[in-house]
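Chain by chain, the residues:
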Amino acid sequence: MSELIVHAKTGFLCENEEQFIDAIDKLATLDPYEIRKYAIENFSAKKMALEHLKMLDNAEIASW
């Protein structure tokens, strides 16, 4: 999930149940505006489409 979450900024990366429980208590420390900004910058339809096109271009070049 580290490709989706910036620890302590957009969420919490946890490895076990104890860390998940601790993270629940910290949810109020996250800024919803920062989370939204991060999501728009990294996962908008336009951004995702451009990234997929790059991957397709790279796959096409690699298959030559």
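What comes next concerns the included structure.

Thresholds applied
- Residues numbered from 1 in each chain as written.
- Predicted model: local features only at pLDDT ≥ 70, side-chain atom pairs only at ≥ 80, totals over all residues.
- Heavy atoms only, no water.
- Helix = DSSP H or I, 4+ residues; strand = E, 2+ residues; numbered from the N terminus.
- Rg over C-alpha atoms; globule rule 2.2 N^0.38 Å.
- Buried < 20%, exposed > 50% of the residue type's maximum accessible area, 1.4 Å probe, protein only.
- Contact = heavy atoms within 4.5 Å.
- Areas by Shrake-Rupley, 256 points an atom, 1.4 Å probe, with all protein chains shown as cover.

## Notes on the overall build of the chain
What the chain contains, in helices and strands, is 3 helices and 0 strands. Taken against the 2.2 N^0.38 rule, which gives 11 Å for 64 residues, the C-alpha radius of gyration of the chain at 16 Å runs more than 25% over that of a compact globule. Referenced to the eigenvectors of the C-alpha coordinate spread, the extents of the chain come out at roughly 50 × 25 × 10 Å. Burial analysis of the chain (64 residues in total) assigns 11% to the buried set. Once local pairs closer than 6 in sequence are excluded, the contacts in the chain between residues at least 24 apart make up 30%. Total accessible area on the chain is roughly 5,600 Å²; 60% of this is exposed by carbon and sulfur atoms.

## Remarks on unusual backbone geometry
Phi at alanine 8 takes a positive value of approximately 70°, unusual for a residue other than glycine. With respect to the helices, strands and loops of the structure, alanine 8 is situated in the segment before α1 (17–26).

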